[in-house]
Amino acid sequence: MTAAVLTRRPGLARLRAASGRSPLHLACLAVVGLVVLAALLGPWVTPHDPNAAELGSALAGPSGEHLLGADVAGRDTLSRLIAGARTSLLGPLGVVVFSTVAGIAVGMVAAWRGGWVDSLLSRSTELVFAFPGVLLAILVIAMYGEGLIAPVAALGVAYVPYVSRLTRSLVLAERARPYVSAYQVQGHSALQICLRHILPNIAPVVLAQSAVNFGYALMDLAGLSFLGLGVPPLTPDWGRMVFDGQTAVQYGYPLSAILPCVLVVLTVVAFNVVGERWADRVARRDK
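Please read all numbers here as calculations on a predicted model, not as lab measurements.

**Describing empty space enclosed by the protein**
- With the rule as written, the count across this model stands at two cavities of 30 Å³ or more.
- One number sums up the size of the largest cavity: a volume of about 110 Å³.
- Lining the largest cavity we find 17 residues, and of these Ser 88, Leu 221, Ala 222, Ser 225 and Asp 237 sit closest to its centre.
- For the lining of the largest cavity, the elements supplying multiple residues, two or more each, are helix 4 (77–113), helix 9 (190–226) and helix 10 (238–244).

**Here we look at the confidence of the model for the chain**
- Residues at a pLDDT of 70 or more form 90% of the chain, whose mean pLDDT is 84.
- When mean pLDDT is compared element by element in the chain, helix 4 scores highest at 93, while helix 1 (residues 2–6) scores lowest at 42.
- Counting interchain partners and residues more than four positions distant, the pLDDT-below-50 stretch residues 1–20 has 34 contacts.

**Quick notes on the nonpolar core**
- Counting residues in hydrophobic clusters, the biggest one holds 23 residues, and the most contacted among them are Cys 28, Leu 89, Phe 214, Leu 218, Trp 238 and Val 264.
- Apart from residues no more than four positions distant in its own chain, Phe 214 is found in contact with Leu 89, Pro 92, Leu 93, Val 96 and Phe 271.
- Core analysis: the second largest hydrophobic core is formed by 16 residues, Ala 154, Tyr 162, Val 212 and Ala 217 among them.

**Examining helix 5 (residues 115–130)**
- Over its 16 residues, helix 5 extends 23 Å from the first C-alpha to the last, a length consistent with the 22 Å expected when each residue adds 1.5 Å.
- Taken together, the buried positions of helix 5 are occupied by Val 117, Asp 118, Ser 122 and Thr 125. Looking straight down helix 5, one finds its buried side chains confined to an arc of 120 degrees; they lie on one side. Of the residues in helix 5, the exposed ones pointing more than 90 degrees away from the buried face are Trp 116, Leu 127 and Ala 130.
- Those residues of helix 5 hidden inside the fold are in contact with helix 4 and helix 7 (149–175).

What counts and what doesn't
- Residues numbered from 1 in each chain as written.
- Predicted model: local features only at pLDDT ≥ 70, side-chain atom pairs only at ≥ 80, totals over all residues.
- Heavy atoms only, no water.
- 1 Å grid on protein atoms, 1.4 Å probe; cavity = no way out; pocket = protein on both sides within 12 Å on 5 of 7 lines; lining within 4 Å.
- Points joined across faces, edges and corners; volume = space filled by probe spheres on them.
- Helix = DSSP H or I, 4+ residues; strand = E, 2+ residues; numbered from the N terminus.
- pLDDT = per-residue confidence, 0-100.
- Contact = heavy atoms within 4.5 Å.
- Core = buried A, V, L, I, M, F, W, Y, C linked by side-chain atoms within 4.5 Å.
- Buried < 20%, exposed > 50% of the residue type's maximum accessible area, 1.4 Å probe, protein only.
- Expected span 1.5 Å × (residues − 1).
- Arc of directions from axis to C-beta.

Dropping the structure here:
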């Protein structure tokens, strides 16, 4: 059941299996590390102000001053890519933190209490699961306006079922183990058993699922920004850069739109491969 939840893209699983043990995983770890470093150090390593517009450099190609060229407003593409890493990762991080915490809570309560509580929570998460997360985000943005908070909150709710269903199945399996009965006999409360003993045992698998969710959340938020529904126009963001680069593509200068697309794809694939590899290691360890 766990493998079915974690492997939401069979193609990635085949790619992982065919690539051997280390090269793909190490490459993806390197991509994740570089992107995280760019997000942390962006303001100090960008060669130019990412929002500084120079109309004389509009649509300039790669040069000594602008290594990756400039966009339609003359803003340095490399600087916006580096600065955009922070915004592009901050949104998915918010989605994953919310969905993981809420999903663990819902899954644990459903598995531990059982009965009508389990049925109510399970049916509720299935209802959310059936509603497309991007569509929910668009509806929330229509109500509250553009920005990062509205789509992050909507996608956070939409991603809860992925974590809660996995958590429920893991907790049900752990609850059948002898150590849980032993702690119950000793007088430990359900909250103590769940948080101190069951949660540490299921945390690696849940975190692996969260790593996979991070990649999908990044893709969803980039898609919303591409539609002009995400961050404000002047905010450096990979999805917004693709949106802004549409004009440049029409004039035969696609670099400012292609590069953020490549970064989004590479980062999504990297987080998916790392998360799935982590899940595989946990599964082999438990056998």
